[in-house]
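# Breakdown of the fold
In case you want the letters, here they are:
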Amino acid sequence: MNSSEAAPTAATPGAVFEEAVFEEITGMLHTVLGEYGGVVNAGITMDTRFHDDLDLESIDLVTLGGHLRARYGELVNFAEYLAGLGLEEIIGLTVGQLVEHITGCLRAPGER
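Residues numbered from 1 in each chain as written. Predicted model: local features only at pLDDT ≥ 70, side-chain atom pairs only at ≥ 80, totals over all residues. Heavy atoms only, no water.

As recorded in an unreviewed UniProt entry, the protein chain goes by Acyl carrier protein and comes from Streptomyces klenkii.

### Examining the overall build of the protein chain
A count of helical and extended segments in the protein chain gives five helices and zero strands. Ordering the α and β elements of the protein chain from the N terminus gives α-α-α-α-α. Burial status across the protein chain gives 30% buried among its 112 residues. Taking as baseline every contact in the protein chain between residues at least 6 positions apart, the subset at least 24 positions apart corresponds to 64%. Carbon and sulfur atoms make up 55% of the accessible area of the protein chain, which amounts to about 6,900 Å² in all. (Helix = DSSP H or I, 4+ residues; strand = E, 2+ residues; numbered from the N terminus. Buried < 20%, exposed > 50% of the residue type's maximum accessible area, 1.4 Å probe, protein only. Contact = heavy atoms within 4.5 Å. Areas by Shrake-Rupley, 256 points an atom, 1.4 Å probe, with all protein chains shown as cover.)

### Quick look at unusual backbone geometry
In this structure, Asp-55 takes a positive phi of about 55° despite not being glycine. As for its position among the elements, Asp-55 is in the loop between α1 (13–34) and α2 (58–72).

### Examining the layout of surface pockets
Size it by volume and the largest pocket reaches roughly 160 Å³. Here the lining of the largest pocket takes six residues from α2, the largest share from any one element. By residue class, the composition of the lining of the largest pocket is six nonpolar, four polar and one charged. (1 Å grid on protein atoms, 1.4 Å probe; cavity = no way out; pocket = protein on both sides within 12 Å on 5 of 7 lines; lining within 4 Å. Points joined across faces, edges and corners; volume = space filled by probe spheres on them. Nonpolar A, V, L, I, M, F, W, Y, C, P; charged D, E, K, R; others polar.)

### Quick notes on the confidence of the model for the protein chain
Of all residues in the protein chain, 77% attain a pLDDT of 70 or more, and the chain-wide mean is 83. Taken element by element, the predicted model of the protein chain shows its lowest mean pLDDT in α1 (88) and its highest in helix α5 (residues 95–106) (95). Every residue in residues 1–10 is under pLDDT 50, and counting partners more than four places away or in other chains gives six contacts. (pLDDT = per-residue confidence, 0-100.)

### Quick look at α5
The end-to-end C-alpha distance of α5, which contains twelve residues, comes to 17 Å, matching closely the 16 Å that a straight helix rising 1.5 Å per residue would cover. Within α5, burial applies to Val-95, Gly-96, Leu-98, Val-99, His-101, Ile-102, Thr-103 and Cys-105. (Expected span 1.5 Å × (residues − 1).)

### Details of the nonpolar core
Among the nonpolar cores identified, the biggest contains 25 residues, and Ile-25, Leu-29, Phe-50, Leu-68 and Phe-78 are the most heavily contacted of them. Elements supplying a minimum of two residues to this core: α1, α2, α3 (78–83) and α5. With seven residues, the single largest contributor to this core is α1. Contact partners of Ile-25, with chain neighbours within four places excluded, come to Leu-68, Tyr-72, Val-95, Leu-98, Val-99 and Ile-102. (Core = buried A, V, L, I, M, F, W, Y, C linked by side-chain atoms within 4.5 Å.)

Shown next, in the form of structure tokens:
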């Protein structure tokens, strides 16, 4: 890192934005999982895997995609994102990876 680059901190705009998206995704997951008897009591983190940790089925991913579209519009196309992944990548998909995808889609073209 050169002297003109600031070290990233928790207070950087990108980190704040990422945290806000994480909170929104967590809320959506609580809604989706609430339909089936509750959310994992241990909580959801950036490392939480949709399949292994939350036991989301494909229909749950479709429901989550609907929530994402309602919140972010056409800028975040979850189905298209999933279509670009292999089966193992989908099975191993984490909340953090989705947050990174969403924040990347929402950044201004010059920030990408």
